[in-house]
Amino acid sequence: ANGTVVVTTNPANGFTPNYGTTETLDANGQLSLTAVTWSPGTYDILLACSDAAGNGPSSPATPPSITIDNGFPNVVISSTETGPSNANPIPISVAFDTDMDFSTLVLSDFVVGNGVASNLSCSGSPTVCTMDVAPSSDGNVTVDLAANQADDLAGNGNNVAVQFVIESDTMAPP
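Now for a look at the structure at hand.

What counts, and at which threshold
Residues numbered from 1 in each chain as written. Predicted model: local features only at pLDDT ≥ 70, side-chain atom pairs only at ≥ 80, totals over all residues. Heavy atoms only, no water. Helix = DSSP H or I, 4+ residues; strand = E, 2+ residues; numbered from the N terminus. Buried < 20%, exposed > 50% of the residue type's maximum accessible area, 1.4 Å probe, protein only. Contact = heavy atoms within 4.5 Å. Pairing = 2+ DSSP bridges. Axes fitted to C-alpha atoms, helices over the stretch in contact; angles between N-to-C directions. Core = buried A, V, L, I, M, F, W, Y, C linked by side-chain atoms within 4.5 Å.

So, about the overall build of the chain. Along its length, the chain carries zero helices and 11 strands. The secondary structure elements of the chain, listed N-terminal to C-terminal, are β-β-β-β-β-β-β-β-β-β-β. A buried classification covers 27% of the 174 residues belonging to the chain. For the chain, restricting intrachain contacts to residue pairs at least 6 apart in sequence, the fraction spanning at least 24 positions comes to 57%.

Structure, rendered in structure tokens:
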């Protein structure tokens with residue numbers, strides 16, 4: 001299974017890594033490319049293979065592709081309500097800039113000040129989650145989401161969200 005592999009790349013996004021070399025397969029016929037630094041994007045991997053006797057090179061008709069996704073999803077917390085608000089509950093929207101793994105986000109990932117969160121639901125592409133926050137008393141109601149509480153489909157945790165603040169005023173005037 002020993003042989004030689006000539007490695008080149010043909011990225012769809014126009015980025016060309018500084019890598020093109022001849023590598024030798026190990027005794028198990030395995031090849032590792034550990035010295036390559038990839039930028040985010042999709043790459044066709046072109047392998048021209050020949051055996052120790054010089055037979056080849058050969059390449060697959062359709063080269064395999066890999067996608068490098070090492071970006072952290074951004075998130076924005078908002079509401080259709082403006083403050084001061086007498087809504088109870090206050091509808092909250094949590095918008096991510098990419099598709100998320102819904103199963104990695106639960107209500108307890110949010111820190112709610114002066115309120116209680118309920119009814120978390122996520123859908124869409126990119127992902128948008130909605131929930132309700134019932135104010136505990138008049139005053140500022142806050143919603144926070146720390147970094148790495150939800151994962152995108154590549155396993156990257158979210159960036160920290162800017163704190164959402166809205167003033168609740170449910171008390172009737174005397």
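If you trace the three strands from one edge of the open sheet to the other, you get S7-S10-S11, paired in antiparallel fashion. Each having just a single partner strand, strand S7 (110–113) and strand S11 (164–168) make up the two edges of the open sheet. Ignoring which end each strand starts from, the neighbouring axes of this sheet average 15° apart. Summarising the sheet, strand S10 (residues 139–145) and S11 pair through five bridges and their orientation is antiparallel. Paired with Val 143 across the strands is Phe 164, a residue of S11.

We now examine the nonpolar core. Formed by 21 residues in total, the largest nonpolar core has its most connected members in Ile 77, Ile 92, Val 94, Phe 96, Leu 105, Val 143 and Leu 145. The set of elements that each furnish at least two residues to this core consists of strand S5 (75–78), strand S6 (90–96), strand S9 (128–135), S10 and S11. Per element, the largest residue contribution to this core is four residues, and it comes from S6. In this structure Leu 145 touches Val 75, Ile 77, Phe 96, Leu 105, Asp 109, Phe 110, Asn 158, Val 160 and Ala 161, once residues within four positions along its chain are discounted.

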